[in-house]
Amino acid sequence: MALEDKEYDFVIIGSGLGGLECAYILAEEGHSVVVLEKNHQIGGNLQVFSRDKSIFDTGVHYIGSLNEGENLDQFFKYFGMRDSLKWKRMDEDCFDLIRINGKEFKHAQGYERFIETLVADFPEERVGIEKYCDKIKSLCDDFPLYNLKSITKDNLFGDINMLSLNAYDVIASITSNTLLQNVLAGSNALYAGEKETTPWFIHALIMNSYLTGAYRLKDGGSQISIHLSKAIRAFGGEILKRKIVTSANFHEDGKIKEVVLSNGETVKGKNFISNVHPVVTIDIFGEKRFLKPYVRRVKALRNTKSSFIIHIVLKENTFKYMNYNTYQINDDDVWGGIDYTQENWPKGVFICTPATSKSDEYADCVTVMAYMDYEEVEQWGGTFNTVAEKGVRGGEYEAFKRAKEDKLIQELEKTDPNIREKIVSVHSTTPLTFRDYIGDKTGSLYGIVKDSNEPMRSVINPKTRIKNLSLTGQNIILHGVLGATIGAFVTCFNYVDKHKLIDKVRNS
Ligand SMILES: Cc1cc2nc3c(=O)[nH]c(=O)nc-3n(C[C@H](O)[C@H](O)[C@H](O)COP(=O)(O)OP(=O)(O)OC[C@H]3O[C@@H](n4cnc5c(N)ncnc54)[C@H](O)[C@@H]3O)c2cc1C
């Protein structure tokens, strides 16, 4: 049957983690589902690419909360992903190394080990470190969305007072030792942390997830999207690549009848779920279909900063595999890295060696990431370049990238002065790469900024004014693999009995 002749129960726009997980849940429940993905490769930020036989992740470097019985462990069991993917448990004694102006501190897995490791460096601060952990645990216990025990409560967004606590303020209230404050917040690039705005719940939920089971995926995060897509197809669902959704046609009652693709094709559905950025969703379905204040609010929300990333292919057996990530901060204030100048960039970098099946001893590649404002590449904003739609950005852009690549290699030289001799090739991504592949407007790292000063403003309800349109993905609740997964369940609660669904997850 031709695409245009079918009518699906669910048409899902975008095959990011949230879109694929919604498709899985709904197809498993017996609904007919189609996922429309604009790219050549599915997965959104789960996409990988390979250069000189090395595989690089684009947007997922490690995943937390995977200890037996923790929330993502349980969700992934439901999706059949816990045993079938190639996991690598990160170093229990140090999954994140925080290097501040050359001085190193370790974040260890498990609350007890985390406390004892930090107390070794800060013997006077045991009380504060324990208090920090207690505060994280108590927030996680109380946060309705976060744990399967209370996810069935009706109040999905928790207590407003909890949402308006600021991460920096809470940490500063626990200890006056500024070095310890910095160490506790040292991995804040995980959520593009800002001193004035980052809510405590974002910090706490993310820290807790890594403390309760930090893992890498060997040979790339695309295993997740490949696994989900096979399962969706096995349930009878369809995933169609190179299908760019551009607009929609409506029934007289205001419900969506069909989406229109860039090639003029149409896809009919009873229900539609958008996994793309809410602002882009508004563009697709038309501003006039939403309330004006909603459009104004959503369009005015800030997005997290973008990034510049280098992916280095290394000569064989020259660079040791690191079973941890390094947050290397060249500033007395770990919250300061996000505001940089041309002179002091990068004020901090994230360094990791992806896990592979080839060797546990040596890395075959290394990734270095730093913040970058979209404005730095805006002059080339008129270009577009993906595998599906090739384009050229020009010589000046290439020269810009080479200069930035060199600065990030200098960061690696701080601990390995001979790194340049070990390099086979360097490949980099800019905010434009993320913009073109993911489809948001500025290549933002984690979507909409959550702001402790105005917590409800940045909460995006998955339900929309269009009766048969829901939203999913990193923007609705929380970013990251865990955040997008919780979001997918919340979106599907609109269509599936939530108690039964949660029972299925618990019993998986
Ligand atoms: C550099 C980086 C590092 C990260 N590291 C980690 C990490 O280590 N651990 C972690 O847990 N999280 C990490 N994250 C965050 C995590 O990757 C994301 O939060 C999550 O994958 C987002 O999923 P999503 O469901 O919102 O979909 P997205 O990944 O945003 O995908 C959206 C999809 O929609 C498609 N699309 C867009 N427009 C259209 C259209 N018009 N028609 C059809 N399709 C369309 C896109 O092509 C894309 O496939 C990282 C993110 C980045 C950028």
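Residues numbered from 1 in each chain as written. Predicted model: local features only at pLDDT ≥ 70, side-chain atom pairs only at ≥ 80, totals over all residues.

(A) Spotlight on the pairing of strand β15 (residues 348-352). Within β15, five of the five residues are buried, leaving the element largely enclosed by the surrounding structure. Of the two faces of β15, the one lined by G348, F350 and C352 and the one lined by V349 and I351 are each fully buried. Relative to β15, strand β14 (residues 325-329) runs antiparallel, the two sharing four bridges. The residue of β15 that forms the bridge with T326 is I351. Examined bridge by bridge, β15 and strand β16 (residues 365-372) share three bridges and lie antiparallel to one another. Bridge pairing in β16 places C352 opposite T367. (Buried ≥ 20, exposed ≤ 12 C-beta atoms within 10 Å, placed from the backbone. Helix = DSSP H or I, 4+ residues; strand = E, 2+ residues; numbered from the N terminus. Pairing = 2+ DSSP bridges.)

(B) A look at helix α12 (residues 395-413). Spanning 19 residues, α12 covers 27 Å between terminal C-alpha atoms, matching the ideal 27 Å at 1.5 Å per step. Packing partners of the buried residues in α12 comprise β13 (306-314), β15, β16 and β17 (423-429). (Expected span 1.5 Å × (residues − 1). Contact = placed C-beta atoms within 7 Å.)

(C) Structural view of the environment of T197. Structurally, T197 can be placed in the loop between α7 (178-184) and α8 (200-211). Between the C-alpha atom of T197 and that of V449, which follows or precedes it by 252 residues, the distance is 8.4 Å.

(D) The arrangement of the site of the ligand in detail. Taken together, 35 residues form the shell around the ligand, and within it G14, G16, G18, G44 and G439 come nearest. Going through the elements one at a time, α1 (17-28) and α14 (480-492) are the ones with two or more residues in the shell around the ligand. When the residues that make up the shell around the ligand are grouped by side-chain class, the tally is 16 nonpolar, 17 polar and two charged. Built from parts of two domains, the shell around the ligand gets at least three residues from each of domain 1 (3-85 + 218-300 + 451-506) and domain 3 (305-445). (Near = placed C-beta within 6 Å. Nonpolar A, V, L, I, M, F, W, Y, C, P; charged D, E, K, R; others polar. Domains from an automatic or database assignment.)

(E) Fine view of the domain arrangement of the chain. Taken domain by domain, the chain consists of domain 1 (3-85 + 218-300 + 451-506), domain 2 (110-212) and domain 3 (305-445). The residue makeup of the side of domain 2 that touches domain 3, split by class, is four nonpolar, five polar and two charged.

(F) Highlighting the sheet that holds β16. Taking strand neighbours across the sheet as the criterion, the seven strands line up as β7-β6-β14-β15-β16-β13-β17 in an open arrangement whose pairing is mixed. What marks the edges here is a single partner per strand, and that holds for β7 (103-107) and β17. Averaged over neighbouring strand pairs, the angle between their axes works out to 20 degrees when direction is ignored. (Axes fitted to C-alpha atoms, helices over the stretch in contact; angles between N-to-C directions.)

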